[in-house]
Amino acid sequence: MDDQDKVEMLLLLIQNVDVFAWNPYEVPEVDPEFIVHRLNVDPSHPPKKQRPRRSAKEHAEAVIDEVRRLKESGAIRETFFPEWLANTVVVRKKNGKWRGYHQIALAPEDQEKTAFISPKANYHYTVMPFGLKNVGATYQRMMTRMFRDKIGCTVEVYIDDIVIKSKRVMQHTNDLREVFETLRRHKLRLNAEKCAFGVSAGKFLGYLITSREIEVNPDQIEAIKRLNPPSNPKEVQVLTGMLAALNRFISKFADRCRPFYQLLKKWAGFLWNEECDQAFRDLKDYLVRAPMLATPKPGEDLFMYLVVSEHASLLKRSDFTGRIVKWGTRLGSFDIRYRPRHSVKGQVLADFVAEFSPKSSGEMICHVEARMWRVFVDGASSAPGAGARIIIFSPEGIRLEHSYRLGFRASNNEAEYEALLAGLRSVLKIGARNVEVLSDSRLVVNQVREILKRRDPRMKAYLHAAK
C-alpha cells in the first residue's frame, strides 16, 4: 500500500473504533433474536453433579479473578440449588492468558445446565462459553448468516476467524467499511489484539495467504525439517499427523507417505529401515519447494490429470476406461466432463511425466489389454409411437442403459436403425475402440453385413449413416 492508501486505512479504523473490543468483558451481546445457543441434552439422562475438586493455588486464583470479571460483565449469575454442577477446567492460551470472550446468548432453559464450582460460590452462564460442545457450529452459523452475501466474494469465515479480501487495493477500504457496518449492526466486536489490516500476506487456518494465492506455512515446514527420524510408533504417528495437515501441497501423498503408514501396521515390531529413511529425506527436500494452491478463474475449464499409481487403492489397473464411464455418468449432473487430453504445454507434460515415472527405471510401461465393449440395441414401433433402447456393457462389466421415445413417426425397421445409430454415437463419445454391437433385427444385421441388398431409399440413408 502507498502512503495515501495507508492514511485512508487509518482514518477508516479511527472512524470505526467502536467495532473493536478492547476488553473481552465489556462486549455487547448479539441480539438473541438473531442467534442463540441451545444445549442438545437428552431429557432421559439424569442431571450430573460433580464433587468439588481441589485445584492448584495458581488455578484457584485464576478462577476467582475470572469469575469476578464475568460477574461484573453479566456473563454469569450465581446459582444456589443447581441440579447440574461441574468443576472448572483452566486452560491457558498460547499468549499466556486464560480463555474468555462471550457474545452469544445462551437459551434461558439451558443456562442452569452450565453451572460450575468456584472457590467461593456456584455460578451458571447466561451467555455461550467456548467450552461447550457444538459452540463452534453455533458461531459458524451466526457468521454465515451475518455475512451470507459477502462470503466467497470479499469475506471468508471459519468460526471466529475472518478474512476480508480485495482484488484491488483501492477497493479494500470500501470492503472493510461494509464489514464494519455489518458487525456494528449485529453488535459483534472484534478482538483488537488479533487484527491486522492492509497486509498482502498473512496466516489463516494454518496456511499462508498471499497475493499469489495459498502457500504452505513456513513454520510447519520448519517443524518437519527439525524432526529426527522416528524411533517408535508414537513418533511415526506424530510425523504422519504433521504431514496430513500439508497433504494438499504434497503431490502423490499416498505414495510418498506409504512407508510410514505401512510401519504403523506392523505392531509386532518397530523397524525404521532404509526405505523409511529415504522417504523421510525425500519429503523434507520436497517441502522446500512445495507448490502453491491457485484459485481457478471463473469461466475457465479446470483440467485434472489422472495417473495410475502402483500403490493407490483407487486405480489398481491400467485399463480403467470403464470406471471413467461410470464416473462420467455420476459427475455429468455437476457439469464435470471427462475427455482425453491430447495436447498440453510441453513443459507441463514433461514435469508431469518426470514426476510420475517409476524411479526403478527410466521407462514408463503401461500394459493395456484390449477388451471388448458390448452394445445391445433394440427399437420398436407401435400405434402410440416409436422408441429405442440401448444397453452398454464396459469391459469391466459396468452396465449403462438408456431408453427414449422417438420424436417422429417411424416404422419398426427405422426404429431399429435409430437404436443402432444411438448406440454407436454413445460408444464413440465414451472413446471405446473395440466394440461388438448386437441387434435382434435380422434386416439391420444383414444389411450392415451386406448380405441383403438395400432397396428402400430410407434404409440406404440409415445404412450410410451407420457406416
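See the structure above.
Since the structure is predicted, the reported quantities are computational estimates derived from the model, not experimental observations. (Residues numbered from 1 in each chain as written. Predicted model: local features only at pLDDT ≥ 70, side-chain atom pairs only at ≥ 80, totals over all residues. Heavy atoms only, no water.)

**Student:** Can you help me understand the overall build of the chain in this one?
**Tutor:** A tally of helices and strands in the chain yields 13 helices and 17 strands. In the chain, which comprises 467 residues, the share counted as buried stands at 32%. Within the chain, contacts between residues at least 6 apart in sequence are counted, and of these 64% link residues at least 24 apart. With the model as given, the accessible surface of the chain reaches about 31,200 Å², and the carbon-plus-sulfur share is 53%. (Helix = DSSP H or I, 4+ residues; strand = E, 2+ residues; numbered from the N terminus. Buried < 20%, exposed > 50% of the residue type's maximum accessible area, 1.4 Å probe, protein only. Contact = heavy atoms within 4.5 Å. Areas by Shrake-Rupley, 256 points an atom, 1.4 Å probe, with all protein chains shown as cover.)

**Student:** What should I look at first to understand unusual backbone geometry in this one?
**Tutor:** Phi is mostly negative for residues that are not glycine, and the peptide bonds are mostly trans. If you check the backbone angles, I159 has positive phi at about 55° while not being a glycine. By secondary structure assignment, the location of I159 is in the loop between β8 (155-158) and β9 (161-164). Of note, the phi angle at K187 is positive, near 60°, even though the residue is not glycine.

**Student:** I would appreciate a short explanation of the sheet that holds strand β17 (residues 435-439) in the present structure.
**Tutor:** Strands pair in a sheet through their backbones, by hydrogen bonds, and they do so in one of two ways: parallel or antiparallel. Across the sheet, four strands lie side by side as β16-β15-β14-β17; this open sheet has mixed pairing. At either margin of the open sheet sits one strand with a lone partner, and together these are β16 (399-405) and β17. Taken pair by pair, the neighbouring strands of this sheet meet at an average axis angle of 15°, ignoring direction. Looking at chain direction, strand β15 (residues 386-393) and β16 are connected through seven bridges and run antiparallel. Counted as the bridge partner of G387 is R405 from β16. Where helix α11 (residues 412-430) meets the sheet, its contacts fall on β14 (373-381), β15, β16 and β17, and the angle it forms with β14 comes to roughly 150°. (Pairing = 2+ DSSP bridges. Axes fitted to C-alpha atoms, helices over the stretch in contact; angles between N-to-C directions.)

**Student:** Looking at this model, I keep getting lost on the packing of helix α7 (residues 253-265) against helix α8 (residues 274-288). Mind explaining?
**Tutor:** The geometry of a pair of packed helices is captured by two quantities: the angle between their axes and the separation between those axes. Where α7 contacts α8, the axes come no closer than 8 Å and their chain directions differ by 135°. As judged from the angle between their axes, α7 and α8 are oblique. Here α7 runs over α8; the crossing is left-handed. Residue-level inspection shows R256, C257, R258, P259, F260 and L263 of α7 in contact with α8, the latter providing E275, C276, A279, F280, L283 and Y286. (Parallel < 35°, antiparallel > 145°, perpendicular 65-115°, else oblique. Left-handed = near helix turned anticlockwise from the far one by under 90°.)

**Student:** Would you take a moment to explain a nonpolar patch on the surface for this structure?
**Tutor:** On the surface, V7, L10, L11 and I14 cluster together into a nonpolar patch covering about 390 Å² of accessible area. Assignment of secondary structure puts L11 in helix α1 (residues 3-15). With a relative accessible area of 46%, L11 lands in the partly exposed category. (Patch = residues over 30% accessible without salt bridge, like charges linked within 9 Å, V, L, I, M, F, W, Y side chains within 5 Å. Salt bridge = Lys/Arg side-chain N within 4 Å of Asp/Glu carboxyl O.)

**Student:** It is not clear to me how the packing of aromatic side chains should be interpreted in this structure. Could you clarify?
**Tutor:** Aromatic rings in a pair are described by how distant their centres are and how their planes are angled relative to each other. Inspection of the entire model under this criterion finds 10 aromatic pairs. Taking the centre distance of 5.9 Å and the plane angle of 70° together, the rings of F20 and F180 count as edge-to-face. Highlighted residues: F20 in strand β1 (residues 20-21) and F180 in helix α4 (residues 169-185), separated in sequence by 160 residues. Residue F20 is classed as buried on the basis of its relative accessible area, which comes to 9%. With relative accessibility at 1%, the residue F180 sits in the buried group. Taken together, the ring pairs in this structure connect F20, W22, F180 and F197 into an aromatic cluster. In this structure, R145 packs its charged tip against the face of F34, placed 4.6 Å from the ring centre. Its guanidinium or amino end placed over the ring of Y286, R256 lies 4.1 Å from that ring's centre, counting from NZ or CZ. (Phe/Tyr/Trp six-rings, centres within 6.5 Å; stacked < 30°, edge-to-face > 60°. Lys NZ or Arg CZ within 6 Å of the ring centre and 35° of its normal.)

**Student:** Just checking my understanding: could you explain helix α6 (residues 233-244) for this structure?
**Tutor:** Each turn of an α-helix holds 3.6 residues, which means side chains three or four residues apart point in the same direction. Along its 12 residues, α6 runs 16 Å from first to last C-alpha, staying within 8% of the 16 Å computed at 1.5 Å per residue. All of the buried residues in α6 are V236, L239, T240 and L243. Burial along α6 is one-sided: seen end-on, the buried residues are contained in an arc of 95°. Here the buried face of α6 lies against α5 (218-225), α7 and α8. (Expected span 1.5 Å × (residues − 1). Arc of directions from axis to C-beta.)

**Student:** I would appreciate a short explanation of the sheet that holds strand β4 (residues 86-87) in the present structure.
**Tutor:** Reading across from one edge, β3-β7-β6-β4 is the order of the four strands in this open sheet, with mixed pairing throughout. Two strands bound the open sheet, and with one partner strand each, they are β3 (76-78) and β4. With three bridges connecting them, β3 and strand β7 (residues 122-125) associate as antiparallel partners. In the strand pairing of β7, R77 is matched with H124. Against the sheet, helix α2 (residues 57-73) engages β3, β6 (116-117) and β7, with an angle of about 100° to β3.

**Student:** Honestly, the nonpolar core in this entry has me stumped. Any pointers?
**Tutor:** In globular proteins that are soluble, nonpolar side chains generally tend to be buried together. Counting 25 residues, the largest nonpolar core has Y139, M142, F147, F180, L183 and L188 as its most contacted members. For this core, the secondary-structure elements that each account for two or more residues are α1, α3 (135-146), β8 and α4. Counting residues per element, this core draws most heavily on α3, at five residues. Residues within four places of F180 in sequence aside, it is in contact with L12, L13, N16, V19, F20, L190 and F197. Formed by 21 residues, the second largest nonpolar core is a distinct cluster that contains F249, C257, F280 and L287. (Core = buried A, V, L, I, M, F, W, Y, C linked by side-chain atoms within 4.5 Å.)

Function cannot be read off these values alone, since they describe shape.
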